[in-house]
Amino acid sequence: MKSTISTPALRQLLSACLMLASAAACARTVPTVGPDDIARLEDAVAAAPADLPAMTQLGVAYYRGDRPKDAQAILERVVGQTGASGVAFLYLGLAHEAQDNWTLARESYTRYLELGRSDALKEEIRARLVLVLRNEMRQQARLALEREAELTAQPATPRTIAVFPLRLVSEKPELEPLQVALADMIITDLQLSGALRLLERVRVQSLLDEMALTEAGYAEPATGARAGRLLGAEHVVQGVLATTGENAVRMDVSVLAAAEQRAAGELGNESPLEALFDLEKELVFGVLNVLGIELTAAEREAISENRAANLLAFLTYGNGLQAMDRGDYAEAVRLFQQAVQLDPSLGAARERQGEAAQLQRAGEVTPQQIAQTGLTELP
């Protein structure tokens with residue numbers, strides 16, 4: 001029996017065949033630059049020192065041959081010239097990351113996002129940048145302690161504020177996540193004023209971790225002044241959250257002028273636990289008043305509305321922040337997702353869930369896998 005194929009079906013079949021053939025051709029032409037090509041590429045670059053594609057491939061070969069310093073040296077020559085491809089910035093970022101040069105890795109990856117061609121690879125680099133930034137903050141904290149004498153002599157950046165985790169004094173361990181969750185909310189509220197520069201919670205926590213502080217140190221003025229000067233903060237907000245009964249809490253907050261090592265203002269009050277967010281707003285408005293910040297009606301309303309619908313969701317959010325701090329990103333994703341389910345209006349939990357998912361993804365994809373994928377963009 002003779003079969004027939006309609007014209008539209010034939011066109012679809014031909015189109016599919018062409019796509020498969022094209023994909024196969026592309027697969028065959030992807031460069032396989034590796035350590036075995038180093039000698040050949042070195043000769044090519046020596047013969048044509050301005051050949052950017054050859055220099056780029058040599059940088060890739062050095063990186064894949066576990067020679068990140070050599071890769072950095074040649075790729076820095078490439079990106080310093082007009083016409084450098086995005087892939088040169090990609091491998092330069094990988095070379096910097098291999099040497100724990102986190103700031104330079106971040107800058108190189110950011111340039112790749114501007115110039116790179118692969119959308120899929122860009123997604124991987126966006127996720128990796130979140131991890132790189134956290135590593136950069138930890139590295140800066142270590143360097144700050146090494147340069148303490150130098151940094152403490154420098155003037156603080158005006159209107160820069162560092163908020164410490166609160167110290168919890170309670171026999172209710174289930175409230176422990178409030179230490180970081182309330183600090184995170186205070187940071188957001190103060191930033192809503194639009195008049196202050198708030199340091200990232202992760203940056204502050206990284207320094208406190210490097211200082212090997214116990215929770216008791218979170219509320220000590222001497223610790224606050226020292227950390228504030230290391231961070232370049234003009235003021236430090238630190239305090240204590242204490243349970244004062246079966247269902248009551250007290251919050252005491254100090255606004256510390258870091259350079260002068262003195263309290264610019266002391267604030268405190270107590271409330272039923274279910275009114276915790278009202279208490280937090282009252283103290284935030286007090287901090288802003290101490291700092292001489294005048295709010296518009298819109299700013300005051302935005303601060304007042306930044307709260308969770310229920311305490312359980314907020315505690316779960318705090319647990320998620322702590323999971324992120326200890327590097328358990330899969331658990332952080334789960335906790336933030338749970339917080340969103342408990343309170344769909346808790347936008348901070350939804351935002352952190354996305355951040356934790358990127359960190360988890362970045363931890364699952366190795367630099368070597370990225371380097372392999374990046375070969376598709378080689379000139």
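Residues numbered from 1 in each chain as written. Predicted model: local features only at pLDDT ≥ 70, side-chain atom pairs only at ≥ 80, totals over all residues. Heavy atoms only, no water.

(A) Highlighting helix 12 (residues 276-290). The first and last C-alpha atoms of helix 12 sit 21 Å apart over 15 residues, in line with the 21 Å expected at 1.5 Å per residue. Where burial is concerned, most of helix 12 is hidden: 11 out of the 15 residues are buried. Contacts from the buried residues of helix 12 go to helix 9 (178-191), strand 4 (233-245), strand 5 (248-257), strand 6 (262-272), helix 13 (297-305) and helix 14 (311-325). (Helix = DSSP H or I, 4+ residues; strand = E, 2+ residues; numbered from the N terminus. Expected span 1.5 Å × (residues − 1). Buried < 20%, exposed > 50% of the residue type's maximum accessible area, 1.4 Å probe, protein only. Contact = heavy atoms within 4.5 Å.)

(B) Local environment of the pairing of strand 5. For strand 5, the buried fraction is high: seven of the 10 residues fall into the buried class. Taken together, the 10 bridges between strand 4 and strand 5 define a ladder with antiparallel strand orientation. Opposite His 235, over in strand 5, you have Ala 257 as the bridge partner. With antiparallel pairing between neighbouring strands as the criterion, strand 4 and strand 5 make up a hairpin whose turn holds two residues. By the bridge criterion, 10 bridges tie strand 5 to strand 6 in an arrangement that is antiparallel. The partner of Val 255 across the bridge, within strand 6, is Gly 265. Linkage of strand 5 to strand 6, two consecutive antiparallel strands, is achieved through a turn of four residues, within which Gln 261 is found at a positive phi near 55°. (Pairing = 2+ DSSP bridges.)

(C) Just the pattern of salt bridges, in detail. This structure, assessed with the given rule, holds 23 salt bridges. Where Asp 189 meets Lys 281, a salt bridge forms, and the shortest distance between an N and an O atom there is 2.7 Å. You can see Asp 189 sitting in helix 9 and its partner Lys 281 sitting in helix 12, a full 92 residues away along the chain. Residue class for Asp 189 comes out buried when judged on its relative accessible area of 0%. Here Arg 250 makes a salt bridge to Asp 252, at a shortest N to O gap of 3.0 Å. Shared partners join several salt bridges into a network, and the residues in it are Arg 134, Asp 184, Arg 201, Asp 325, Glu 351, Arg 352 and Glu 355. (Salt bridge = Lys/Arg side-chain N within 4 Å of Asp/Glu carboxyl O.)

(D) Representation of the confidence of the model for the protein in the model. Taken residue by residue, the protein gives an average pLDDT of 90. The fraction at 70 or more is 91%. Every residue in residues 1-28 is under pLDDT 50, and counting partners more than four places away or in other chains gives one contact. (pLDDT = per-residue confidence, 0-100.)

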